[in-house]
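Fold and geometry: a report
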Amino acid sequence: MALKQVRMQLGQTYSPLVNGEFVSTETQADSVNPSNPAEIIGKVGLLSQEQADQAIAAAKTAFPQWQATPAAERAAILRRAGDLMAERRSELATWVMLEVGKALKQADAEVSEAIDFCHYYADEIERLDRGYDYDLAGETNHYRYFPRGIAVVISPWNFPIAIATGMTVAALVTGNCTLLKPAENSAVIAAKIGEILIEAGIPKGVFQYVPARGSTVGAHLVKHPDVHLIAFTGSREVGCQIYAEAAQVQPTQKHLKRVIAEMGGKNAIIVDESADLDQATQRVVTSAFGYSGQKCSACSRVIVLAPIYETFVRRLVEATRSLNIGPAEDPSTGVGPVIDAKARDRILQYIETGKAQSQIALEMPVPATGYFVSPTIFIEVAATDTIAQEEIFGPVLAVIKAENFDQALEIANGTDYGLTGGLYSRTPSHIERSQREFAVGNLYINRNITGAIVARQPFGGFKMSGVGSKAGGPDYLLQFLEPRVITENIQRQGFAPIEGME
Amino acid sequence: MVVQVSQPTYEQKTQAIARELISATREKRSLFAQMRDQMRWDDRLLAFAMDNPGLRVQLFRFIDCLPALHSKAEVARHLQEYLGDPSVELPEALKGLLNFANADSVPGQLAATTFSKAVETLAHKYIAGETIAQVIKTLDRQRQGKLTFTVDLLGEAVITEAEAQAYLNSYLELMQQLTEAAKKWSPVEAIDSAEGEPLTKVQVTVKLTAFYSQFDPLDAVGSQKKVSDRIRTLLRRAQELGAAVHFDMEQYVYKTLTLATLKGVLLEDEFRSRSDIGVTLQAYLRDSYSDLQDLVTWAKERSTPLSVRLVKGAYWDQETIKAVQHDWPQPVYSQKESTDANFERMTRLLLENHAHLYAAIGSHNVRSQAYAMAIAETLNIPKRAIELQVLYGMADKLAKAMSDRGYRVRVYCPYGELIPGMAYLIRRLLENTANSSFCGKSRGAPGRRTAHGS
């Protein structure tokens, strides 16, 4: 049903939304279906640098009133947006499926996550808005949170609705005027988020949808002196660049910028001798090859203890071989396409590197149409090999053997990243040690390492995996806020009411 | 033909039968309980577990991981880690056994061996054999006690297509060997015929999802096609060999597709007239009664009876947790009493439609079985149309008492290796050490998880 309806709407043009108006653009980009690139999902107008400046100016104009809007009203808009998404859930999931090649079940879970973000951050701002009072006789001390100003959200294509919505509504609900610059590959879904926010009642200039080339206009927004905050999710390379550029104080700039950056991972699952291999095998397969490994949380290394190495590898390879590879919309598909030709070629390059350094255990034929890469397993991989160190962001899994649990932990921690990690074990002491020594932002014990849920598994890492605190957690909104303390001497002529005294 | 009889008639008779069954199964129990000190380790472990809930949890968690461990030293180390947990109050006998400083030491090895042996012995109480040859011996013994059987292969989760194919092949092999062995069996009137009609001596139970490694309710069409192909192969071979096939029911997520798939295949011309096939319904599911109503309508249309094994359901915890975690409505009844009541409603519906569906009542609950018997006896239901089922090793005395009363009793006999059998074993141990049920303290009486037909 939803598929038919969405198919009828393919190929439309989506223009940037600047100051409440859809503006025409000089350039356009096609967003295509990765399962079948001949199918154009939509044509997206790309903002010019001048239009970007206009958008910033509009945000600046809208800010005073948005800042003055009570938190409860801002929260109400988010809740309405969440409800609208819930009403359009199957349609939105279908857009996700078609535009970024994600299986429907996972696309649906992503829409749920977007809805959760709306409701959770609405609740959160109401909690934070109360602030703290440290009053005493003759003096009040009010600790209160204020918005920072103008936020630029740079969102990725791999969770085109969940992450884009999460970052955007966090910035909005905290009173910041927000520009959403989505990844080009998922700009149509971002336009849908825009539709929903407008319908929910976001005033003009407060939210602006600004698809643009990242390397030029995106970079311009990051450097803009009027921008206060950049919320980014994407690659380590771009994240580091944004962090550096945001640190440069531009002429006329009167503040330091805050950067929240969620970057990559080189996530490992340790499987020890006591593990339930039925579960471990299945969940490693899910974690590594779900959405073709294109999740920041995906498993790209599995570290297996020597006593079960052979058994585990045999089953892992066979279980992966049993996955169906095909277009995302086919319900039997276990592994769909990767996002685009560039990504495919980069992943294939890594596979070549892997072949030179270690032993390939699985590679399968893939459909000719679409950007497909076979689920690929390397075995006997050394912990220091390229494919065991660099983020590939594709369906490539490195199996590394460890002689004992100490070594397994050392290998697990031996990369630049610290995002997610997993342990399959029924050894109580291993479970306990991993909690202290496995250095990741999200550790999953005896379950898959993807699929974090808002307010249950607040998500995010450290080291080169990012800067800033966890999305969907109690500290997240604080990053979009500036706390101020207001102290008032309430004595007049030595007179003041003193609590508890007559 | 639907026969209506007033509820009070069933109720009086149910209670009378239940009293008889209880007195028939109660002998010699107290003597057993007094012999704790002389019991073997496997029995002692169960006794400890019943006395101490903290120990029970840790002990079963340890047993769950035991078959995965590769050396005695690892077994000893895990023993200490699990049972040395502060939540566990250890009985003196166990303290002594666990009092070693080094897992590689002789006392450590001794503890490992003692436990491994005890768990193996326990497993053999509930698992009818590790090989087909062993299981055939067990079945032979059962038949001498006038009990018939269904054999279920305990397997690892099927996660590869090679495993799905192997699962089918194992059943083809199993049916071949069982029917071969059956040729040498002397007939047992009570279980091999009904109203003069000869019954199939061999029955196997299979799990539908194991026929396709990527079985997924979201891919209903694709999954149905894949498993249907393998079901046809199985049913054809079963007919050639003269074996009956029963389909188990698994987790709720698979239920709708399982029923749809079976209904589809069983309406095909080739299989439409087979009456030696069965499906399973789980009374703990809130929609199971309407599923049974649908099945009655469907069976009338098919016009050849099908067996329905009625069980309470073996995945209560799993279903409950899953629904909570996803914020979904609970598919299962929250209270055991509601499940029991639904089981009786379904029993009645099933038996009152005995012309269209054969009933297989799977329960260790005396009251549940007595209720079915009361209806069967009141309505004079033909022997072909009802049988009573228990799990191997779980209710031997009840099985005998029901058989003595003239019913065909079928024992669900799982077989296979210990590691894949562990999930099954843990469920049996949980049931067997649970403390609340109709006939509370007696061993062999199931508790909240009153389960059958895993």
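Residues numbered from 1 in each chain as written. Chains lettered and ligands numbered in written order. Predicted model: local features only at pLDDT ≥ 70, side-chain atom pairs only at ≥ 80, totals over all residues. Heavy atoms only, no water.

**Notes on the overall build of chain B**
- The helix and strand inventory of chain B stands at 18 helices and 10 strands.
- Its C-alpha atoms give chain B a radius of gyration of 22 Å, within 12% of the compact-globule value 22 Å for 454 residues.
- Seen through its principal axes, chain B has C-alpha atoms that stretch 70 × 55 × 50 Å.
- Residues counted as buried form 58% of the 454 residues belonging to chain B.
- Counted over contacts in chain B with a minimum sequence separation of 6, partners at least 24 positions apart contribute 77%.
- Averaging the positions of the 56 positive and the 54 negative side-chain charges in chain B gives two centres separated by 4 Å. (Helix = DSSP H or I, 4+ residues; strand = E, 2+ residues; numbered from the N terminus. Rg over C-alpha atoms; globule rule 2.2 N^0.38 Å. Buried < 20%, exposed > 50% of the residue type's maximum accessible area, 1.4 Å probe, protein only. Contact = heavy atoms within 4.5 Å. Lys, Arg positive; Asp, Glu negative; His and termini not counted. Charge placed at Lys NZ, Arg CZ, Asp CG, Glu CD.)

**What about the sheet that holds strand β14 (residues 299–305) of chain A?**
All names here are of chain A.
- Strand order in the open sheet made by the seven strands is β15-β16-β17-β14-β13-β19-β20, with mixed pairing throughout. Among the strands making up the open sheet, the edge pair consists of β15 (359–362) and β20 (442–445). The mean inter-strand angle of the sheet, taken between neighbouring strand axes irrespective of direction, is 25°.
- As judged from the five bridges shared by strand β13 (residues 267–271) and β14, these two strands associate in the parallel manner. (Pairing = 2+ DSSP bridges. Axes fitted to C-alpha atoms, helices over the stretch in contact; angles between N-to-C directions.)

**A short note on the state of the cysteines**
Residue and element names in this part refer to chain A.
- As enumerated under the stated definition, the model contains zero disulfides over all chains in all.
- The thiol of C177 is unpaired, and the distance to the nearest cysteine sulfur, on C118, comes to 18 Å.
- Residue class for C177 comes out buried when judged on its relative accessible area of 0%.
- Of the cysteine sulfurs around C240, a residue in no disulfide, the closest is that of C296, at 15 Å. (Disulfide = S-S within 2.5 Å.)

**Points about the pattern of salt bridges**
- Overall, the coordinates contain 60 salt bridges over all chains when judged by the stated rule.
- Taking the shortest distance from any N to any O, the salt bridge between A:R436 and A:E432 comes out at 3.7 Å. Remark: A:E432 and A:R436 occur in helix α15 (residues 428–437); sequence separation between them is four residues, near one turn of the helix.
- By relative accessible area, A:R436 is classed as exposed at 58%.
- Note that B:D43 and B:K125 form a salt bridge whose closest N and O atoms lie 2.6 Å from each other. Of this pair, B:D43 sits in helix α3 (residues 41–51) while B:K125 sits in helix α7 (residues 106–126), and the two are 82 residues apart along the sequence.
- If you follow the salt bridges from partner to partner, you end up with A:D406, A:E432, A:R433, A:R436 and A:E437 in one network. (Salt bridge = Lys/Arg side-chain N within 4 Å of Asp/Glu carboxyl O.)

**A closer look at the interface of chain B and chain A**
- Contact with chain B, which involves 24 residues of that partner, is made by 22 residues of chain A.
- Together chain B and chain A conceal approximately 1900 Å² of surface at their shared face, both sides included; 50% is due to carbon and sulfur atoms.
- Counting every contact that joins chain B to chain A gives three salt bridges.
- A:R315 serves as the salt-bridge partner of B:E156, at 3.9 Å between the closest nitrogen and oxygen.
- In this structure, the connection of chain B to chain A is made through 12 residue pairs in polar contact (both at pLDDT 80 or more).
- For the side of chain B that touches chain A, the secondary-structure elements that each account for two or more residues are α4 (53–65), α5 (72–83) and α9 (161–182) of chain B.
- Split by residue class, the side of chain B that touches chain A holds nine nonpolar, seven polar and eight charged. (Buried area = accessible area lost by both parts, 1.4 Å probe. Polar contact = N/O pair within 3.5 Å; in protein donor to acceptor, adjacent residues only side chain to side chain. Nonpolar A, V, L, I, M, F, W, Y, C, P; charged D, E, K, R; others polar.)

**Points about the pairing of strand β19 (residues 420–424) of chain A**
Residue and element names in this part refer to chain A.
- Across the five residues of β19, five count as buried, placing the element largely inside the fold.
- Where β13 meets β19, four bridges bridge the pair, whose relative direction is parallel. Each residue of the ladder has a partner; that of A268, found in β19, is G421.
- Note: β19 against β20, four bridges, orientation parallel.

**What to know about the domain arrangement of chain B**
All names here are of chain B.
- For chain B, the assigned domains read domain 1 (7–22 + 127–432) and domain 2 (39–124).
- Using C-alpha coordinates to define each centre, domain 1 is positioned 34 Å away from domain 2.
- Residue-level contacts link 11 residues of domain 1 with 12 residues of domain 2.
- Taking both sides of the interface into account, the surface hidden between domain 1 and domain 2 amounts to around 1100 Å²; carbon and sulfur atoms contribute 72%.
- Taken together, the connections running from domain 1 to domain 2 amount to zero salt bridges.
- Where domain 1 meets domain 2, there are three residue pairs in polar contact (both at pLDDT 80 or more).
- Residues of the side of domain 1 that touches domain 2, tallied by class, amount to nine nonpolar, one polar and one charged. (Domains from an automatic or database assignment.)

**A look at the packing of α9(B) against helix α11 (residues 220–241) of chain B**
Residue and element names in this part refer to chain B.
- Here α9 crosses α11 at 10°, and the two axes come no closer than 10 Å. As summarised for this structure, α9 and α11 are arranged roughly parallel, according to the angle between their axes. For the pair α9 and α11, contact is made by E161, A164, Q165, L168, Y171, L172, M175, Q176 and T179 and by R230, T233, L234, R237, A238 and L241, respectively. (Parallel < 35°, antiparallel > 145°, perpendicular 65-115°, else oblique.)

**What about the sheet that holds strand β8 (residues 357–362) of chain B?**
- Strand order in this closed barrel of eight strands is β1-β4-β5-β6-β7-β8-β9-β10 (chain B), and the pairing throughout is parallel. Mean inter-strand twist for the sheet, computed between neighbouring axes without regard to direction, equals 30°.

**Topic: the nonpolar core**
- One finds A:Y121, A:Y209, A:I230, A:I270, A:I303 and A:Y476 to be the most contacted residues of the largest nonpolar core, which totals 132 residues.
- For this core, the element with the highest residue contribution is helix α5 (residues 104–129) of chain A, accounting for 11 residues.
- There are two domains that each give this core at least three residues, and those are domain 1 (2–263 + 465–486) and domain 2 (267–445) of chain A.
- Counting 96 residues, the second largest nonpolar core, distinct from the first, contains B:F149, B:F211, B:L295 and B:W298. (Core = buried A, V, L, I, M, F, W, Y, C linked by side-chain atoms within 4.5 Å.)

**Re unusual backbone geometry**
Residues and elements named next belong to chain A.
- Even without being glycine, S292 reaches a positive phi, approximately 50°.
- Looking at the element boundaries, S292 is found in the loop between α10 (277–289) and β14.
- The phi torsion at N446 lies on the positive side, around 60°, for a residue other than glycine.
- Note that N446 resides in the loop between β20 and β21 (462–463).
- Looking at N446, the relative accessible area reads 28%, which means it is partly exposed.

**Comments concerning the packing of aromatic side chains**
Residues and elements named next belong to chain A.
- The tally for this structure, following the rule as stated, stands at 16 aromatic pairs over all chains.
- A ring pair is formed by W157 and F393, whose centres lie 5.8 Å apart and whose planes are at 80°; its orientation type is edge-to-face. Residue W157 is found in the loop between β8 (150–155) and α6 (162–173), and its partner F393 is found in the loop between α13 (386–389) and β17 (396–402); the two are separated by 236 residues along the sequence. Like W157, the residue F393 is buried in the burial classification. (Phe/Tyr/Trp six-rings, centres within 6.5 Å; stacked < 30°, edge-to-face > 60°.)

**Overview of the confidence of the model for chain B**
- The share of residues in chain B with pLDDT of 70 or more is 91%, and the mean pLDDT across the chain is 90.
- Confidence over residues 436–454 of chain B falls short of pLDDT 50; this stretch has 69 contacts with residues more than four positions distant or in other chains. (pLDDT = per-residue confidence, 0-100.)

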